[in-house]
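Architecture and fold: a report
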Amino acid sequence: MPKIEFKQVAFTYQPNTPFAVKALDHINLEIPENSYTAIVGHTGSGKSTIIQLLDGLLLPTSGSIRVDENVISATSSNAQLGRIRSQIGIVFQFPEAQLFEETVLKDIAFGPQNFGKSEEEAFALAREAMQLVGLDADLAERSPFELSGGQMRRVAIAGVLAMKPSILILDEPTAGLDPRGQRETMQLFERLHVDQHVTVILVTHQMEDAAQYADQIAVMNGGQLVKVAEPAQIFANPQWLKDNHLTVPKTTQMAHELERGGFTFNPYPLTLEQLAVQIKRQLESRTQ
């Protein structure tokens, strides 16, 4: 049974006005429980609208979204949306911009308290979340605004994790980070997915991240869902990627160049490590 199911979901901004813009057109998408799904597409393809609908920040113009046994539709009440939001955590772009409390601990504990936890319970969840994201316990009483940029982002992510979401939505979570910060952030979410069995939905322009971490990739184009498949199937055709305004991962580019020189790849490599293993195997077979 899927964790999340979109059924014929459509959304129009400013409907019934001269400024109406259709952002989504009859989306049907299943996201299995404990899966890692990447949603990709060029700017304006509908990615951001999908995640705002999923958290109830917007309501569909038509169709419905089921999250476990709860349903989001055009007529959903605030109480219904509240039940869904309690299951979902969203890490937006530059989440550190949302920090506001006087201490790290209070900032991380704000979410759990807002959902009804006592101060003691919220602080315990906050300390646990600090450990999950690799923040030293002695930072708890520091002002979040005295920390480095990377530490501030970890505080913001910890604030989401302290609410114990079963679904984690990542909206360009590595934006503005250096390569090391990007790698560490994505590895953190991968550990949460594997160790905590969190269902992850990644919205990204980074095709390398989608290829490396996702179980399935949903490709959006012009408000429509044009393909849902495993990463190896999505990235096997560079021309199809270009036709849908997606960049080609560096590993994919290299593999296709090597195919012109006589190499073959099965399964198609998605990481440099996988590419290296297949190249090594084929070179060794040629020298035997």
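Residues numbered from 1 in each chain as written. Predicted model: local features only at pLDDT ≥ 70, side-chain atom pairs only at ≥ 80, totals over all residues. Heavy atoms only, no water.

Under an unreviewed UniProt entry, the chain has the name Energy-coupling factor transporter ATP-binding protein EcfA2 and belongs to Paucilactobacillus vaccinostercus DSM 20634. Quoted straight from UniProt, the Function (unreviewed entry) entry for the chain says "ATP-binding (A) component of a common energy-coupling factor (ECF) ABC-transporter complex." In its Subcellular location (unreviewed entry) section, the UniProt entry covering the chain states "Cell membrane". (UniProt positions renumbered as here; feature names shortened; annotations may be inferred.)

**A look at the UniProt feature "domain: ABC transporter" (unreviewed entry) in the chain**
Residues given the UniProt feature "domain: ABC transporter" (unreviewed entry) here are residues 4-247. Taken end to end, residues 4-247 is 36% helix and 25% strand, and its first and last C-alpha atoms sit 27 Å apart. (Helix = DSSP H or I, 4+ residues; strand = E, 2+ residues; numbered from the N terminus.)

**Some points on unusual backbone geometry**
Residues other than glycine seldom take positive phi values, yet asparagine 34 does so here, at roughly 65°. Positive phi, close to 50°, is recorded for glutamate 172, a residue that is not glycine. Topologically, glutamate 172 is positioned in the loop between strand E7 (167-171) and helix H6 (179-195).

**Remarks on the sheet that holds strand E6 (residues 88-91)**
Pairing in this open sheet of 6 strands is mixed, and the strands run E6-E7-E8-E3-E9-E10 from one edge to the other. Lying at the two open borders of the sheet, with one neighbouring strand each, are E6 and strand E10 (224-229). Neighbouring strand axes in the sheet, compared pairwise and without regard to direction, differ in orientation by 15° on average. Of the strand pairs in this sheet, strand E9 (residues 216-221) and E10 are connected by 5 bridges, and their pairing is antiparallel. Following the sheet pairing, alanine 218 is matched in E10 by valine 228. Strand contacts of H6: strand E3 (36-40), E6, E7 and strand E8 (199-203), with the helix running at about 135° to E3, the strand carrying the most contacts. (Pairing = 2+ DSSP bridges. Axes fitted to C-alpha atoms, helices over the stretch in contact; angles between N-to-C directions. Contact = heavy atoms within 4.5 Å.)

**Describing the nonpolar core**
Grouped together as the largest cluster of nonpolar side chains are 51 residues, with contacts concentrated most on Tyr36, Ile108, Leu168, Phe189, Ile217 and Phe235. If you count residues domain by domain, this core takes at least three from each of domain 1 (1-87 + 165-236) and domain 2 (94-162). Those residues within four positions of leucine 168 in sequence are excluded, and the remaining contacts are Gly89, Val91, Val160, Leu161, Phe189, Leu192, Val198, Thr199, Val200 and Ile201. The next biggest cluster of nonpolar side chains, apart from the first, holds 28 residues, and it includes Ala23, Leu24, Leu29 and Ile201. (Core = buried A, V, L, I, M, F, W, Y, C linked by side-chain atoms within 4.5 Å. Buried < 20%, exposed > 50% of the residue type's maximum accessible area, 1.4 Å probe, protein only. Domains from an automatic or database assignment.)

**Considerations on the environment of leucine 241**
Note that leucine 241 resides in helix H9 (residues 238-243). The buried category is assigned to leucine 241, whose relative accessible area is 0%. For the pair leucine 241 and alanine 210, spaced 31 residues apart in sequence, the C-alpha separation works out to 13 Å. Beyond its immediate chain neighbours, meaning those up to four positions away, leucine 241 contacts Ile234, Phe235, Leu246, Thr247, Val248 and Pro249.

**Overview of the environment of glycine 262**
Inspection of the secondary structure puts glycine 262 in the loop between helix H10 (250-260) and helix H11 (272-286). Considering only alpha carbons, one finds glycine 262 and glutamine 282, 20 residues apart in sequence, at a separation of 10.0 Å.

**Here we look at the pairing of E8**
Residues in a regular strand project their side chains so that they alternate between the two faces of the sheet. Extensive coverage of E8 is indicated by the burial of 5 of its 5 residues. Where burial is concerned, the two faces of E8 agree: the one with Thr199, Ile201 and Val203 and the one with Val200 and Leu202 are both buried. Relative to E8, E3 runs parallel, the two sharing 4 bridges. Within E8, the position partnered with tyrosine 36 by the bridge is valine 200. Pairing of E7 with E8 involves 5 bridges; the strand directions are parallel. Bridge pairing in E8 links aspartate 171 to valine 203. Handedness of the crossover is the feature at issue here: the chain leaves E7, passes through H6, returns alongside E8, and the resulting connection is right-handed. (Right-handed = clockwise from strand over helix to strand, strands pointing away.)

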